[in-house]
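Residue-level structure breakdown
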Amino acid sequence: MRTVFSRGDGTADLARLLDGDAVRVGESVTDAAVHHRAELLVARRPNAGRELLPTAMPRDLDLDRAGRVVAAVGGGPHSELAASVAAAIAAALGVTAAMVCAYQEEEGPAAARATVERIADLVPELEPQVVEGHRVHDARALHGDHALLVVGAPGGSFLQRQFLGPGARLISRAEVGAVVVRSAPARVFQRMDEPVWVGRHLPASEALRAHPDIDPIPVVDHGAVVGTVGLADLVSVGDATVEAAMRPATVIEAADLLLGAAELGPGAIPVVHAGLLVGVLAPTPVGS
């Protein structure tokens, strides 16, 4: 996964383990996220990305001693990310990986089993395990063999609350440290295509030959979107320039929620950041 990281103990090591091309953010997390189309931020604080990116936060990691990786999962919003990060760390270290879901005795194990089955469909590399809640602190599934723990931020499952609420001693007992993850909704920059554009003074016939698969095509002047031009409009103006067929542009910000982009209607949408074109968001195929 494309990864950026901020300053802090262990952030660079974890980021480069997850992505050999991980880059450190500068003054702006947003600028780095958009430029690198990042999928994950490694940081020390949960608010470092301001929910712009899924975040992984290292806690006292000793990667050289890790013998296996365990993801604590449940019904909370961060479990799938915990499983994905655990699988990626295990693969990079060349060790085994598992996911553990705890249940409370009065509820029974059915929901926990359903959870691990659901996540196993998405991240099949992890060995699924279910444990009774009152045994979590002593569970061999979570400790021993130099287990590195990956867990979602608090507020989710019973097991996640045990890591970061009253049962925070689970992390303190982790022999080689832990990684706390927080998911975030998808953003436009994570799905946009490379920027495609034409200049307003380009002949319409040349614009058609250059970009026959993008409709409408962004029209750019000094990096800024000044309009769009449809393929049919280019055909209609014959030997004139793009400017003769240009229409006002509807653009979307690179950091906007991806869900909002779908509401703009059909056709390619120019994506901008800091006032400049940075990509094109193609229409979402029907049924996707």
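Relevant structure appears above.
These numbers come from a predicted model, not from an experiment.

Rules used in this analysis
- Residues numbered from 1 in each chain as written.
- Predicted model: local features only at pLDDT ≥ 70, side-chain atom pairs only at ≥ 80, totals over all residues.
- Heavy atoms only, no water.
- Buried < 20%, exposed > 50% of the residue type's maximum accessible area, 1.4 Å probe, protein only.
- Helix = DSSP H or I, 4+ residues; strand = E, 2+ residues; numbered from the N terminus.
- Pairing = 2+ DSSP bridges.
- Expected span 1.5 Å × (residues − 1).
- Contact = heavy atoms within 4.5 Å.
- Salt bridge = Lys/Arg side-chain N within 4 Å of Asp/Glu carboxyl O.
- Core = buried A, V, L, I, M, F, W, Y, C linked by side-chain atoms within 4.5 Å.

**A few points about the pairing of strand β8 (residues 147-152)**
Of all six residues that make up β8, six are buried, and the element is covered over most of its length. Side chains A147, L149 and V151 of β8 all project onto a buried face; the interleaved residues L148, V150 and G152 project onto the opposite face, where all are buried too. Pairing geometry for strand β5 (residues 68-73) and β8, over five bridges, is parallel. Residue pairing across strands places A72 opposite V151, the latter belonging to β8. Across four bridges, the pairing between β8 and strand β9 (residues 178-182) is parallel. Its bridge partner lying in β9, V151 is registered against V180.

**So, the sheet that holds strand β12 (residues 252-253)**
Across the sheet, three strands lie side by side as β12-β13-β14; this open sheet has mixed pairing. Edge positions in the sheet fall to β12 and β14 (276-281), since each of these pairs with one other strand and no more. Note: β12 against strand β13 (residues 269-273), two bridges, orientation parallel. Bridging across to β13, E253 finds its partner in V272.

**Describing helix α4 (residues 110-122)**
Counted at 1.5 Å a residue, the expected span for α4 with its 13 residues is 18 Å, and the 19 Å between its end C-alpha atoms agrees. Buried residues along α4 sit against β5, α3 (79-93), β6 (96-103) and β7 (127-132).

**Quick word on the environment of I119**
Topologically, I119 is positioned in helix α4. Sequence separation between I119 and G74 is 45 residues, and the spatial gap between their C-alpha atoms is 9.3 Å. Beyond its immediate stretch of four places on either side in the chain, I119 contacts V73, S79, E80, A83 and M99.

**Points about the sheet that holds β7**
The nine strands are arranged β2-β1-β3-β4-β9-β8-β5-β6-β7 in an open sheet whose pairing can be described as mixed. Of all strands in the sheet, those bounded by a partner on one side alone are β2 (23-24) and β7. With six bridges joining them, β6 and β7 adopt parallel strand pairing. In the sheet register, C101 faces β7, and the bridge partner there is V130.

**Some points on the pattern of salt bridges**
Applying the stated criterion to the full structure yields seven salt bridges. For R200, the salt bridge goes to D221, with nearest N and O atoms at 3.8 Å. With a gap of 21 residues between them, R200 in the loop between β9 and α7 (204-210) and D221 in strand β10 (residues 217-221) connect regions that are remote in the sequence. Residue classification places D221 among the partly exposed residues on the basis of a relative accessible area of 30%.

**Re unusual backbone geometry**
Following D215, the chain continues into P216 via a peptide bond in cis, with omega recorded as -5 degrees. Within the secondary structure, P216 is located in the loop between α7 and β10. Notably, H146 is not glycine yet its phi reads approximately 55 degrees, a positive angle. Even without glycine at this site, H222 takes up a positive phi of about 55 degrees. Accessibility expressed as a relative area gives 79% for H222, which makes it exposed.

**Focus: the pairing of β13**
Among the five residues that make up β13, five are buried, leaving the element largely enclosed by the rest of the structure. Every second residue of β13 is oriented toward a common face, with I269, V271 and H273 on one face and P270 and V272 on the other, all of them buried. Relative to β14, β13 runs antiparallel, the two sharing five bridges. Paired with V272 across the bridge in β14 is L277.

**Some remarks on α3**
Spanning 15 residues, α3 covers 21 Å between terminal C-alpha atoms, matching the ideal 21 Å at 1.5 Å per step. Three or more residues of α3 are buried, namely S79, L81, A82, A83, V85, A86, A87, I89 and A90. Two residues or fewer past α3, G94 is found with a positive phi of approximately 75 degrees.

**Some remarks on the nonpolar core**
Counting 35 residues, the largest nonpolar core has I89, L148, V150 and V179 as its most contacted members. Elements with a contribution of two residues or more to this core: α1 (11-18), β3 (40-42), β5, α3, β6, α4, β8 and β9. In terms of residues, this core owes the most to one element, α3, which gives eight residues. Those residues within four positions of L148 in sequence are excluded, and the remaining contacts are L61, L63, A66, R68, V69, V70, I89, V176, G177 and V179.

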